[in-house]
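Fold and geometry: a report
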Amino acid sequence: MKPADPTAGRPELVAFASMSIVLLALRAFAAAHVGFGDSEALYASYALHPQPAYLDHPGLVGLLARALGHGTAPSPERAHLATAILATAFPWVAALACRASGATWGRSFAGAIVVALAPEAAIGLFAMTPDLLLALAWTGSLALAAEALRSAPGSGRASLAFAGAGLLAGVAAASKLTGLLLLVALAAAYAARPARPHLRSLAPWAGLAAGLIVVAPVAMYEARAGWPMLVHRLVDTQSSAGLSFRNLGALAGGQLLYLSPLVALLAALAGRQLWRGRGDAVGRLLLLSCVLPLAAVLPLCLWSRVAEPHWLAPALLALVPAATRSPTAPSRRLVVASCAVAGAMVAAVHGWVLVPSALRLAPASYDPRLDLSNELYGWPQVVDVARAEALGAWVPGSERGDVVVVGPHWVVCAQLEAALRGDLPVGCDTPVRDDFDDWWPRDRWRRADVVVWVTDARFGPPPALPSRATLRTREIRVQRDGRTIRVFTVAVLTRRAQA
């Protein structure tokens, strides 16, 4: 037998490690300069209201936020420093999944480089979201399941790996509902013919049982409450749902943006290798962990107008080890070009967000209300004004709830809740039911003596609430490079005359 080359995979490792250091440094810089995105602020707010599940997601991301905030909502910088580390670690977990699936170290690191530079990972996983936890747990579960299936049936190594795979699948499900599909895929893979030798032991099923124990509190909470997460996801937010070419275009276009065009091409080529490699136990595992989630999520994305392209991402994770373990590989030129295009897109987005003068490149038709990166700026000034107005309305004898801060939509309310950290109650007037209806219900904030209404240009002026007078309003303009990107209004609405 020819001895193993000790330098095998070293160039790819050096390139991957160097790129990881650069990305980590870039994320650390961003952590010191940007605030929460609107969805992140909602997840930070979860830390103030611990519960097994919320209307949008299970509660694991709330536990992370609470841990980072030492019992309250974390600051954006603290949260982003943690996610910078976790996002940088994710491609390394992907490399381990490739190796566990049978790929060489060189190809494993090459696949991880592609993963690290895909905008969906390089940009999206920087945020404190359930998707970050899902990606880590899902990929780690695949790595351990592959390791178990390649180990001797009944061995201690296989038993430990099956246990870890099941536990991490449970963690994935406790992060986001999509993770339940991984538990289904693992069960199907273990029951498939190539994995039958492992069925002589209880290890595969014990691992899955451990995963179900992890997610059981979420299921019990939802059952007691009447399945609010499912109602919210599949009913309350789907008033305009229906199959359409618009949904198809949004889904396809989203993949090109989230993956980058050439990485999307690599994913398509990997799909072919996924099918060809289905003959052994690991290949069947990777196939089922891709196909079964796609079969569940893809129709939902085509039907729902509020579906997001990244909902498909978990199903695509299996494509990376499938491609790297395949006997054939895409051309080196295509891989390098894919990394270059993806890297350029990542650099452009970071430049746009972190370099104020980049706004000078915006066309004359630029509408700052449509630029999601503007969510990351301006909130400290707004919260300072809202806090000052609320404290100014506080009079001797006031009780908690006499003065409340209210926003017209959860994207505003979440930013306020995360920043105020429970110092003042926050109500919300979202057109549909949201988590704030449980945290500080509408009938409660409507009875308050003073409402400090916070809105921005997306939602119009403060409303004319019954039996209330507008005592005063203040306008806050947020600027980048001398250009106004957001206009907030803070209005004090009161039932009684104030000095």
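Within any chain, residue numbers begin from 1 and follow the written order of that chain's sequence. The predicted nature of this model means local features are confined to residues of pLDDT at least 70 and side-chain atom pairs, given and counted, to a pLDDT of 80 or more, with totals for whole chains, interfaces and linings taken over all residues. Remark: hydrogens and water are excluded; side-chain values derive from all non-hydrogen atoms of the structure.

Attention shifts here to the overall build of the chain. What counts as a helix is a DSSP run of H or I of at least four residues, what counts as a strand is a run of E of at least two, and both are numbered from the N terminus. For the chain, the count of helices and strands is 21 helices and five strands. Computation of the radius of gyration draws on C-alpha atoms, with the globule rule given as 2.2 Å multiplied by the number of residues to the power 0.38. The C-alpha radius of gyration of the chain comes to 25 Å, within 12% of the 23 Å expected for a compact globule of 499 residues. Dimensions of the chain, computed from C-alpha atoms along their principal axes, come out at roughly 90 × 55 × 45 Å. Within the chain, the fraction of its 499 residues that count as buried is 50%. Contacts in the chain between residues far apart in sequence, at least 24 positions, make up 73% of those at least 6 positions apart. A 1.4 Å probe and the Shrake-Rupley method give the accessible areas. Residues count as covered only by the protein chains that appear here. Approximately 22100 Å² of the chain is accessible, and the part contributed by carbon and sulfur atoms is 65%. Between the centroid of the 44 positive side chains of the chain and the centroid of its 32 negative side chains there is a distance of 10 Å. When a residue's accessible area, from a 1.4 Å probe over protein chains only, is under 20% of the maximum for its type it is buried; when over 50% it is exposed; and in between it is partly exposed. Should any heavy atoms of two residues lie within 4.5 Å, those residues are counted as being in contact. All tallies of charge rest on Lys and Arg as positive and Asp and Glu as negative; His and the ends of each chain are not included. Charge coordinates come from a single atom per side chain, which is NZ of Lys, CZ of Arg, CG of Asp or CD of Glu.

What follows covers the side chain of Thr324. Checked against the element boundaries, Thr324 lands in helix α16 (residues 319–325). Looking at Thr324, the relative accessible area reads 7%, which means it is buried. Residues contacting Thr324, with those up to four places away along its chain left out, are Cys98, Ala103, Arg107 and Gly111.

As a further point, take the state of the cysteines. Two cysteine sulfurs form what is called a disulfide whenever their separation falls within 2.5 Å. In this structure the tally under the stated criterion is one disulfide. Here Cys413 is linked by a disulfide to Cys428, with a sulfur-sulfur distance of 2.1 Å. Because the sign of the S-S torsion sets the handedness, a value of about 90° for the bond joining Cys413 and Cys428 places this disulfide among the right-handed ones. Placement of the pair is Cys413 in helix α19 (residues 410–420) and Cys428 in strand β2 (residues 426–428), with a sequence separation of 15 residues.

Below, the discussion takes up the pairing of strand β3 (residues 450–456). Counted residue by residue, β3 has seven buried out of seven residues, so it is predominantly covered. On β3, burial covers both faces: Val450, Val452, Val454 and Asp456 on one face and Val451, Trp453 and Thr455 on the other are all buried. Here strand β1 (residues 403–407) pairs with β3 via four bridges, running parallel. Counted as the bridge partner of Val404 is Val451 from β3. By definition, two strands form a pair when at least two bridges between them are found by DSSP. Two elements, β3 and strand β5 (residues 483–494), share seven bridges in a ladder whose sense is antiparallel. Of the residues in β5, the one forming a bridge with Trp453 is Ala491.

Okay, the packing of aromatic side chains next. We call Phe, Tyr and Trp rings a pair once their centres come within 6.5 Å, taking the six-membered ring for Trp, and we label the pair stacked below 30 degrees between planes, edge-to-face above 60, and tilted otherwise. Taken as a whole and assessed by the stated rule, the structure comprises 14 aromatic pairs. Three or more aromatic residues link up through ring pairs in this structure, and these residues are Tyr43, Tyr46, Tyr54, Phe436 and Trp439. Its guanidinium or amino end placed over the ring of Trp275, Arg278 lies 3.8 Å from that ring's centre, counting from NZ or CZ. Sitting over the face of the ring of Trp440, Arg444 holds its NZ or CZ atom 3.7 Å from the ring centroid. Working rule: Lys NZ or Arg CZ, within 6 Å of ring centre, within 35 degrees of ring normal, means a charge sits over the ring.

Keep in mind that these numbers describe shape and distance, not what the molecule does.
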